[in-house]
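Summary of structural features
Read off the chains here:
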Amino acid sequence: MAHLLAAAALLSASGAWAQSVSPAWGQCGGQGWSGATSCVSGYTCTVSNPYYSQCLPGAAPSSSAPAPTSTAGAPPPSSTAIRTILGGGYGSTISTLQFSAQNGTVNVAGACSSGPSPSWIALSPTNKGILYSTNETPTGGLSSFTISQSGMCSRVGSATSGGDGPAFMAAFKSGNEVMAMNYNSGDGISYTLSADKLQFTNPITIPKFPVAVPHPHMVAQYGSEVFVTDLGADKIWRLARNGNAWAITGFIPQPTGSGPRHVQIKGPTVFVLHELDNTLSSQTIPSSPSANSTTTISSLSVLPPGITDNYPGRFHAGELLMSPDGAFLYASNRDTATPPDSRGDAIAIFSVDGAGRLALVKQEFTGLQVVRGLSMSPDGAFIVASGQNAGGVVVYERVSGGSDLRVVASNPSAPALTSFVWL
Ligand SMILES: *[C@@H]1O[C@H](CO)[C@@H](O)[C@H](O)[C@H]1NC(C)=O
Ligand SMILES: *[C@@H]1O[C@H](CO)[C@@H](O)[C@H](O)[C@H]1NC(C)=O
């Protein structure tokens, strides 16, 4: 009966979608689109790319999306510079990409040997010539690398992650410590870095998180605290250093079954991307680490319009980026269906107002399959994306103040990458 009800709800939802007029921000055209091609009053159907047209306010796309801060955060890119991007994935190398906005190219310039599955990479915050990676295997590891002037990496150090499946690591802002989380074994580790930042010393084990099946994913610094998203616990754990140990001081609760994966933090607000229920929420961070409560400001679906999907469904929200001015968030929603949506995965663009309220601005279809890796250039000008299953690499320019993305370069034959850093 529950199944019948769910099916009926799905039918009526898709029935509503097949109306003759698309709602505000809804899809109104694109490859394979058979729904409405006109928009509700006050909105105009605007071509975003060959895969997607959208109902935007007003008559012209340039006057469209709400841009809380119109110019800050996305300075005009220096058009002649070559930018170097490093990318890791589930192979055994870290690739060096060279991106030219002027020529509209993103080329693979080389790769260095990394050990197995460098699925997450992170630059030293204090030395741009040093890189770290996970080695996401059952006997997980971490690696360190030097980066040459020409952007080529070279593996130097390695250490155990102390568990199974390190899917994420963070290099702390001090430049002196790293922390990794083991997704499968539900525990983690931190290391103090040697003076040259290349050797992992003083391992501190973070014990398995105290729930039946923990799946810690991301590590984010918040003042002197560390936040750890735990998909299995539906919590963001709050950790504090206590002598030569990390102690759980409390948590920020998440909806049951939501599966928190990645976060961005702005002031006392945490933005949480949930992998299992495919929502993006904004929540207050209590000043007391042991308050174990939160107020949800907004919670919105990151899925393309007209789609509902429940665990264990086909979509698994992936990466979350925030613009330098904090005015926009970009979320990937990994479509794991066979065959997947012909438009590829979408990147959902949200605006954030001063009170932390979210509004969906646009779904930008990428043509890529399974966008796990998404990374913004430090100046906020560009976003690089890759399809873990297919499609290669695409580089977008953030345009219209950040409310839109424009393809500036793509390379379908680039390797499948799941994590990037910009040099
Ligand atoms: C851009 O293309 C021109 C002409 O092919 C080439 O000479 C130049 O090196 C390229 N620049 C970059 C940054 O790739
Ligand atoms: C919050 O949770 C932590 C354990 O995670 C616990 O030690 C603390 O007592 C809790 N706080 C409250 C107010 O219950």
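Everything below is about the structure printed above this text.
This structure is a prediction, so every number in the text was calculated from the model and none was measured. (Residues numbered from 1 in each chain as written. Chains lettered and ligands numbered in written order. Predicted model: local features only at pLDDT ≥ 70, side-chain atom pairs only at ≥ 80, totals over all residues. Heavy atoms only, no water.)

**Overview of the overall build of the chain**
In plain terms, the rule: Secondary structure elements follow DSSP: runs of H or I no shorter than four residues count as helices, runs of E no shorter than two count as strands, and numbering proceeds from the N terminus. Three exposure classes are used, based on accessible area relative to the maximum for each residue type with a 1.4 Å probe and protein chains only: buried under 20%, partly exposed in between, and exposed over 50%. What makes two residues a contact is simply this: any of their non-hydrogen atoms within 4.5 Å. All accessible areas in this document rest on Shrake-Rupley with a 1.4 Å probe, and a residue is counted as covered only by the protein chains that are shown.
Counting secondary structure elements, the chain contains one helix and 33 strands. When burial is assessed residue by residue, the chain has 53% of its 423 residues classed as buried. Taking all contacts inside the chain whose residues are at least 6 apart in sequence as the whole, residues at least 24 apart take part in 47%. For the chain, the exposed area adds up to about 16200 Å²; of that, 55% sits on carbon and sulfur atoms.

**Observations concerning the sheet that holds strand β9 (residues 121-123)**
Inclusion rule: Between any two strands, pairing holds if DSSP finds at least two bridges. Lines fitted to C-alpha atoms define the axes, with helix axes restricted to the stretch in contact, and inter-axis angles between N-to-C directions lie between 0 and 180 degrees.
The strand order across the open sheet formed by four strands is β9-β10-β11-β12, and the pairing between neighbours is antiparallel. Each of the sheet's edge strands pairs with one partner strand only, and the pair in question is β9 and β12 (153-160). Recorded for the sheet is a direction-independent mean angle of 25 degrees between the axes of neighbouring strands.

**Describing the side chain of S190**
Just so we agree on the cut-off: The term polar contact refers here to a pair of N or O atoms within 3.5 Å; inside protein, the definition further demands a hydrogen-donor-capable atom paired with an acceptor-capable atom, and it admits residues adjacent in sequence only when both atoms are side-chain atoms.
Mapped onto the secondary structure, S190 falls in strand β15 (residues 187-193). Within the structure, the side chain of S190 is placed 2.9 Å from the side chain of W246, a separation counted as a polar contact. Excluding residues within four positions of it along the chain, S190 makes contact with E177, V178, M179, N202, P203, I204, I206 and W246.

**Topic: the state of the cysteines**
Just so we agree on the cut-off: When two cysteine sulfur atoms lie within 2.5 Å, the pair is treated as a disulfide.
Within the structure shown, the criterion is met by one disulfide. A sulfur-sulfur distance of 2.1 Å marks the disulfide that ties C112 to C153. A torsion of -105 degrees about the S-S bond marks the disulfide between C112 and C153 as left-handed. With C112 in strand β8 (residues 105-113) and C153 in strand β12, the pair connects residues that are 41 residues apart, well separated along the chain. With relative accessibility at 10%, the residue C153 sits in the buried group.

So far we have only geometry, and geometry alone does not tell us how the molecule works.
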